[in-house]
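This is what each chain is made of:
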Amino acid sequence: QVQLVESGGGLVQAGGSLRLSCAASGSFFSINAMGWYRQAPGNQHELVARITSGGSTNYADSVKGRFTISRDNAKNTVYLQMNSLKPEDTGVYYCNAQVLRVGTPLYDYWGQGTQVTVSS
């Protein structure tokens, strides 16, 4: 089994910063891409940022220049540094990892979600 444990969410004023972390644990062969998604009330689940095992990144247009995704492959951990936060960044942020386990195809695992609230 694979578990993703997120941390770092909270309440912050507009213009502030937060750093999310997500650590993968369990039995697996490798992790391909990792990413962060978010869902705000009334909105669809959307990709925020994604990073491949080789370090290539892509971001939602709404967060470009403000958020930075990074990963530590040795620790199986992905980070999301969020700066210049806006109220519209509020939502539940979910970590995602594409995990390869021996004998099984690549599979998407999800964290439990961490709440980010940005007050105006």
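Before reading on, note that the structure itself is shown above.
Just so it is clear, the structure is predicted and the values come from calculations on it, not from any experiment.

Reading guide: rules and limits
- Residues numbered from 1 in each chain as written.
- Predicted model: local features only at pLDDT ≥ 70, side-chain atom pairs only at ≥ 80, totals over all residues.
- Heavy atoms only, no water.
- Helix = DSSP H or I, 4+ residues; strand = E, 2+ residues; numbered from the N terminus.
- Buried < 20%, exposed > 50% of the residue type's maximum accessible area, 1.4 Å probe, protein only.
- Contact = heavy atoms within 4.5 Å.
- Phe/Tyr/Trp six-rings, centres within 6.5 Å; stacked < 30°, edge-to-face > 60°.
- Lys NZ or Arg CZ within 6 Å of the ring centre and 35° of its normal.
- Pairing = 2+ DSSP bridges.
- Axes fitted to C-alpha atoms, helices over the stretch in contact; angles between N-to-C directions.

Enquirer: Can you break down the environment of Gln81 residue by residue, with the values?
Expert: Tracing the backbone through its elements, the reader meets Gln81 in strand β8 (residues 77-82). Taking relative accessible area as the criterion, Gln81 reaches 26% and is therefore assigned partly exposed. C-alpha separation for the pair Gln81 and Arg71, spaced ten residues apart in sequence, amounts to 11 Å. Each residue touching Gln81, except ones within four places of it in the same chain, is listed here: Ser17, Leu18, Arg19, Arg66, Phe67 and Thr68.

Enquirer: Could you give an account of the packing of aromatic side chains, naming the residues involved and the relevant values?
Expert: Counted according to the given criterion, the structure contains two aromatic pairs. Centre to centre, the rings of Tyr37 and Trp110 are 5.0 Å apart; their planes meet at 65°, and the pair counts as edge-to-face. Taken together, the residues span a long stretch of sequence, with Tyr37 in strand β4 (residues 30-39) and Trp110 in strand β10 (residues 107-110) at a distance of 73 residues. Of note, Arg19 hangs over the ring of Tyr79, and the distance from its end group to the ring centre comes to 4.2 Å.

Enquirer: Pulling in residues and values, what's your account of the sheet that holds β8?
Expert: Reading across the sheet, the four strands line up as β1-β3-β8-β7 and stay open at both edges, with antiparallel pairing between neighbours. What marks the edges here is a single partner per strand, and that holds for β1 (2-7) and β7 (67-72). Taken pair by pair, the neighbouring strands of this sheet meet at an average axis angle of 15°, ignoring direction. Two elements, strand β3 (residues 18-26) and β8, share six bridges in a ladder whose sense is antiparallel. Pairing of Leu20 across the sheet is with Leu80, part of β8.

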